[in-house]
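# Structural description and commentary
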Amino acid sequence: MKISNKKISMLTHIASQIRKDIIEMIWNAGSGHPGGSLSIADIIAALYFDILNIDSTNPTKKNRDRLVLSKGHACPAVYSALSLKGFFERDKLKTLRNIGSILQGHPDMNKTPGIDMTTGSLGQGLSAAVGMALGLRLENIDSYVFCIIGCGEMQEGQIWEAAMAAAHYKLDKLIAIVDYNRLQIDGRMDEVMEVEPVVMKWLSFGWYVIEINGHDFNQIIAAINFLKLINKKPKVLIANTIKGKSVSFMENVAMWHGTPLSFDQKERAIEEISKYETQCKKPAI
Amino acid sequence: MKHNVKNPLSNREIYGITLCELGEENKDIVVLDADLSKSTNTYRFKEKFPERFFNMGIAEANMISVAAGLATVGKIPFASTFSVFASTRALEQLRTSIAYPRLNVKIVATNAGIEIGGDGATHQAIEDIAIIRSIPNIIIISPSDPVSTEKLIRAISEYNGPVYVRLGRWPNPYIYNLNEKFEIGKAKIIKEGSDLTIISTGNMVNKCVQASEILNSKGISSTVIDMLTIKPLDCDIVLEYAKKTKHIITVEDHSIIGGLGGAVSEFLSTTYPIKIKVIGIKDTFGTSGRNPEDLFNYFHINTEDIVKEAELFLKFN
């Protein structure tokens with residue numbers, strides 16, 4: 001089913017706001033991970049503003065969908081979405097990474113309303129998502145469990161332990177999303193530690209796989225809606241993305257995995273994000 | 001039969017049986033194992049409640065994080081494997097996915113200590129107390145006999161938060177009556193004496209009781225304390241008997257670094273500094289042995305060693 005232009009325009013605007021928040025937050029904090037936060041901004045916008053069944057007035061309701069951000073360092077994107085959804089006040093974003101803040105450097109389920117799992121040590125989130133899906137099935141709760149995995153994170157052996165377990169237990173309410181931007185802190189994945197063939201790996205572990213452009217809302221939403229129809233298998237969306245998406249000097253530069261911005265860089269980034277939004281909204285010819 | 005005083009079951013068998021009873025009473029209890037269910041005794045739960053038992057295969061790290069996920073949706077997971085794997089291979093998962101978010105997961109680790117026997121150093125967890133003790137938010141339980149095992153497994157199922165339970169492989173003789181009551185965080189005084197206090201845990205407690213009797217026949221009167229909860233340490237009891245007897249010996253089937261001896265030393269050094277003799281495995285890996293007694297002798301943690309160390313300690317202090 002085609003997604004309406006109105007919805008695409010709304011999501012484009014939200015993704016743009018998330019990107020601006022990411023830049024402002026990390027600039028304020030003086031440290032953080034812009035590259036991998038920007039690369040999931042569109043996926044996060046689609047999840048929080050179209051897909052997830054969640055309620056900001058009741059963040060722990062039992063039958064909500066769960067989201068585990070296994071690549072926890074990209075949490076600024078999620079914090080922004082949660083604030084836009086009303087889980088907490090917008091001005092909390094300024095406190096990222098400060099002492100006493102509800103917004104820790106990596107997600108903390110006990111400090112931030114709307115965070116379903118404490119993550120940050122790569123490799124553990126998918127296993128936790130497996131546990132959630134097993135538990136929800138025992139309770140006969142029909143919720144989905146989404147888990148966002150970094151592409152470098154697939155180098156962790158525990159990801160494949162979890163992948164094996166999810167298929168063994170036929171967890172068809174579990175949808176993993178790989179943020180496939182092909183860069184990690186030390187450089188290009190094919191130089192640091194190649195994980196290809198990624199699609200074949202997930203297939204051979206018993207998962208249903210779809211590969212998409214992770215910056216195209218039509219593809220993200222259509223793919224997830226389609227994956228929900230597949231039974232008896234866990235599913236994974238391989239989302240091809242660009243690290244640092246929409247900020248020209250950050251795009252595809254590994255250094256921006258975990259580098260804070262100067263004031264000038266911040267200003268330029270915000271400007272480029274606005275420009276990118278305008279481009280996206282131009283009607284296709 | 002669960003309790004047979006003449007022919008006791010091992011603490012891990014008592015764990016498996018108790019788990020089945022708890023499973024009947026509380027439908028939220030789920031059990032995970034990493035292909036060692038026959039040994040850890042979780043197979044008993046699997047036979048009774050197959051839908052609530054998850055074998056995660058030989059993948060301990062995944063098992064511990066899956067348990068964390070189950071806890072987030074309101075389940076009470078008991079995850080079991082050998083203590084060497086729970087405390088080292090799956091350590092970071094235990095730390096970051098369970099202890100840090102304070103999730104309600106019970107890690108019941110069996111085959112702890114030098115006592116396991118033939119498997120040798122790779123399987124002998126003699127560092128687990130030290131390792132787990134340094135992690136915030138997690139309670140460490142170390143039962144000494146079938147009754148304390150049963151009662152403490154029940155107690156932790158009602159406590160909301162992360163717990164690590166250390167169980168051995170071989171049966172331990174009964175120390176307590178079947179109606180004895182146990183509380184998380186509370187030690188037990190098994191025997192009172194005035195010259196010396198022996199603080200012990202797990203499989204060594206019974207040996208300390210025997211050593212205390214031998215010491216008695218030699219004119220040395222000793223208190224024996226069973227430190228059933230290692231963290232949080234029962235500081236009140238330690239302080240009280242440090243003051244009463246002025247001499248403390250700790251005994252454990254664990255490294256002399258960072259275990260029970262470490263916990264008692266850390267506490268007393270800042271509250272009531274007296275000399276402490278720490279008896280345990282002396283900063284060395286284990287080795288294969290035909291039976292636990294041979295290993296206890298080899299590593300000098302048997303009854304006679306405790307007696308000898310106690311006599312020397314009192315003579316020179």
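Note that the coordinates shown come from a computational prediction; the quantities given were computed from them, not determined experimentally.

## Some remarks on the packing of aromatic side chains
All names here are of chain A.
- Within this structure, the stated rule accounts for 12 aromatic pairs over all chains.
- Relative to Phe 146, the ring of Tyr 144 lies with its centre 6.4 Å away and its plane at 40 degrees, an arrangement referred to as tilted. There is no split in this pair, since Tyr 144 and Phe 146 are both buried.
- Taken together, a centroid distance of 4.8 Å and an interplanar angle of 70 degrees make the contact between Trp 202 and Trp 207 edge-to-face. The burial state of Trp 202 is the same as that of Trp 207; both residues are buried.
- Ring-pair connections join several aromatic residues into one group, and the members of that group are Trp 160, Trp 202, Phe 205 and Trp 207.

## Examining helix H13 (residues 303-316) of chain B
- Over its 14 residues, H13 of chain B runs 20 Å from end to end, which matches the ideal 20 Å to within 8%, given 1.5 Å per residue.
- Along H13 of chain B, the residues that are buried comprise Thr 303, Asp 305, Ile 306, Val 307, Ala 310, Phe 313 and Leu 314 of chain B.

## Remarks on the layout of surface pockets
Residue and element names in this part refer to chain A.
- The space that makes up the largest pocket amounts to roughly 400 Å³.
- As for the largest pocket, its lining consists of 22 residues, of which Ile 8, Thr 12, Phe 217, Cys 280 and Lys 281 are closest to the centre.
- Ranked by the residues each element gives to the lining of the largest pocket, the list is headed by helix H1 (residues 5-29), at seven residues.

## Topic: the interface of chain A and chain B
- Facing the 25 residues of chain A at the interface are 28 residues of chain B.
- Of the roughly 2,000 Å² buried between chain A and chain B, counting both surfaces, carbon and sulfur atoms make up 60%.
- Scanning the region where chain A abuts chain B turns up one salt bridge.
- The closest approach of N and O atoms between Lys 75 of chain B and Glu 139 of chain A, which form a salt bridge, is 2.7 Å.

## Some remarks on the sheet that holds strand E5 (residues 139-141) of chain B
All names here are of chain B.
- Taken in spatial order, the seven strands line up as E2-E1-E3-E4-E6-E5-E10 in an open sheet, and their pairing is mixed. In the strand order of this sheet, the two ends are held by strand E2 (53-55) and strand E10 (229-231), each with one partner. The mean inter-strand angle of the sheet, taken between neighbouring strand axes irrespective of direction, is 20 degrees.
- Each of strand E1 (29-33), strand E3 (76-82) and strand E4 (106-110) is contacted by helix H1 (residues 11-25), which is oriented at about 160 degrees to E3, the strand it contacts most.
- Relative to E3, helix H4 (residues 60-72) is tilted by about 170 degrees, and along the sheet it contacts E1, E2, E3 and E4.

## Considerations on the pattern of salt bridges
- According to the stated counting rule, one finds 32 salt bridges over all chains in the structure shown.
- Here Glu 267 of chain A and Lys 266 of chain A are joined by a salt bridge, their closest N and O atoms 3.2 Å apart.
- Look at Glu 267 of chain A and you get partly exposed, because its relative accessible area is 37%.
- Among the salt bridges present, the one from Glu 150 of chain B reaches Lys 2 of chain B, with a minimum N-O distance of 2.9 Å. Taken together, the residues Glu 150 of chain B in helix H8 (residues 146-158) and Lys 2 of chain B in the segment before H1 connect sequence positions 148 residues apart.
- Linked by salt bridges that have partners in common, Lys 2, Glu 21, Glu 25, Glu 150 and Arg 154 of chain B make up one network.

## Regarding empty space enclosed by the protein
All names here are of chain B.
- Following the criterion strictly, the structure yields three cavities of 30 Å³ or more and no others.
- Space inside the largest cavity adds up to approximately 110 Å³.
- Taken together, 15 residues make up the lining of the largest cavity; nearest its centre are Arg 166, Leu 167, Gly 168, Gly 202 and Asn 203.
- Looking at the lining of the largest cavity residue by residue, the classes come out as four nonpolar, eight polar and three charged.
- Taken domain by domain, the lining of the largest cavity gets at least three of its residues from each of domain 1 (11-166) and domain 2 (188-316).

## Points about the domain arrangement of chain B
Residue and element names in this part refer to chain B.
- By the assigned domains, chain B splits into domain 1 (11-166) and domain 2 (188-316).
- Once you take the C-alpha centre of each, domain 1 and domain 2 turn out to be 26 Å apart.
- Counting residues at the interface gives 28 residues for domain 1, matched by 34 residues for domain 2.
- Considering only the surface of domain 1 that becomes buried against domain 2, Ile 114, Ile 126 and Arg 133 emerge as the three largest contributors, covering 32% of it.
- The interface formed by domain 1 and domain 2 contains one salt bridge.
- Taken together, the links from domain 1 to domain 2 amount to 20 residue pairs in polar contact (both at pLDDT 80 or more).
- Those elements that provide at least two residues to the side of domain 1 that touches domain 2 are helix H7 (128-133), E5 and H8.

## A few points about the environment of Lys 207 of chain B
All names here are of chain B.
- Positionally, Lys 207 belongs in helix H9 (residues 205-217).
- For the pair Lys 207 and Ile 306, spaced 99 residues apart in sequence, the C-alpha to C-alpha distance is 8.2 Å.
- Look past the residues within four positions of Lys 207 in its chain and what remains in contact with it is Glu 293, Phe 296, Ile 301, Asn 302, Thr 303 and Ile 306.

## What to know about the side chain of Arg 19 of chain A
Residue and element names in this part refer to chain A.
- Here Arg 19 shows up in helix H1.
- A polar contact of 2.8 Å, which involves the side chain of Arg 19, links it to the side chain of Asp 42.
- Once residues lying within four places of it in the same chain are set aside, the contact partners of Arg 19 are Leu 38, Ala 41, Asp 42, His 215, Lys 245, Ser 246, Ile 273 and Tyr 276.

## Digging into helix H4 (residues 75-85) of chain A
- Summarising burial for H4 of chain A: nine of the 11 residues are buried, a large majority.
- Among the residues trailing H4 of chain A, Gly 86 of chain A stands out with phi positive, at a value near 90 degrees.

## Topic: the sheet that holds strand E12 (residues 276-281) of chain B
All names here are of chain B.
- Read across the open sheet, the five strands follow the order E7-E9-E8-E11-E12; overall the sheet is mixed. A strand with exactly one partner marks an edge of an open sheet, and here the two such strands are strand E7 (188-191) and E12. Recorded for the sheet is a direction-independent mean angle of 25 degrees between the axes of neighbouring strands.
- Pairing of strand E8 (residues 196-200) with strand E9 (residues 222-226) involves five bridges; the strand directions are parallel. Each residue of the ladder has a partner; that of Thr 197, found in E9, is Thr 223.
- Its contacts with the sheet put helix H11 (residues 260-271) on E8, strand E11 (248-255) and E12, and the angle it makes with E11 is roughly 140 degrees.

## Brief notes about the packing of H1 of chain A against H4 of chain A
Residue and element names in this part refer to chain A.
- Axis separation between H1 and H4 bottoms out at 9 Å; the angle between their running directions is 120 degrees. With respect to H4, the axis of H1 lies oblique. At the point where H1 passes H4, the crossing takes the right-handed sense. Here H1 contributes Ile 14, Gln 17, Ile 18, Asp 21, Ile 22, Met 25 and Ile 26 to the contact with H4, which in turn contributes Pro 76, Ala 77, Tyr 79, Ser 80, Ala 81 and Leu 84.
- The residue inventory of the contact of H1 with H4, partitioned by class, reads 10 nonpolar, two polar and one charged.

Definitions and cut-offs
- Residues numbered from 1 in each chain as written.
- Chains lettered and ligands numbered in written order.
- Predicted model: local features only at pLDDT ≥ 70, side-chain atom pairs only at ≥ 80, totals over all residues.
- Heavy atoms only, no water.
- Phe/Tyr/Trp six-rings, centres within 6.5 Å; stacked < 30°, edge-to-face > 60°.
- Buried < 20%, exposed > 50% of the residue type's maximum accessible area, 1.4 Å probe, protein only.
- Helix = DSSP H or I, 4+ residues; strand = E, 2+ residues; numbered from the N terminus.
- Expected span 1.5 Å × (residues − 1).
- 1 Å grid on protein atoms, 1.4 Å probe; cavity = no way out; pocket = protein on both sides within 12 Å on 5 of 7 lines; lining within 4 Å.
- Points joined across faces, edges and corners; volume = space filled by probe spheres on them.
- Contact = heavy atoms within 4.5 Å.
- Buried area = accessible area lost by both parts, 1.4 Å probe.
- Salt bridge = Lys/Arg side-chain N within 4 Å of Asp/Glu carboxyl O.
- Pairing = 2+ DSSP bridges.
- Axes fitted to C-alpha atoms, helices over the stretch in contact; angles between N-to-C directions.
- Nonpolar A, V, L, I, M, F, W, Y, C, P; charged D, E, K, R; others polar.
- Domains from an automatic or database assignment.
- Polar contact = N/O pair within 3.5 Å; in protein donor to acceptor, adjacent residues only side chain to side chain.
- Parallel < 35°, antiparallel > 145°, perpendicular 65-115°, else oblique.
- Left-handed = near helix turned anticlockwise from the far one by under 90°.

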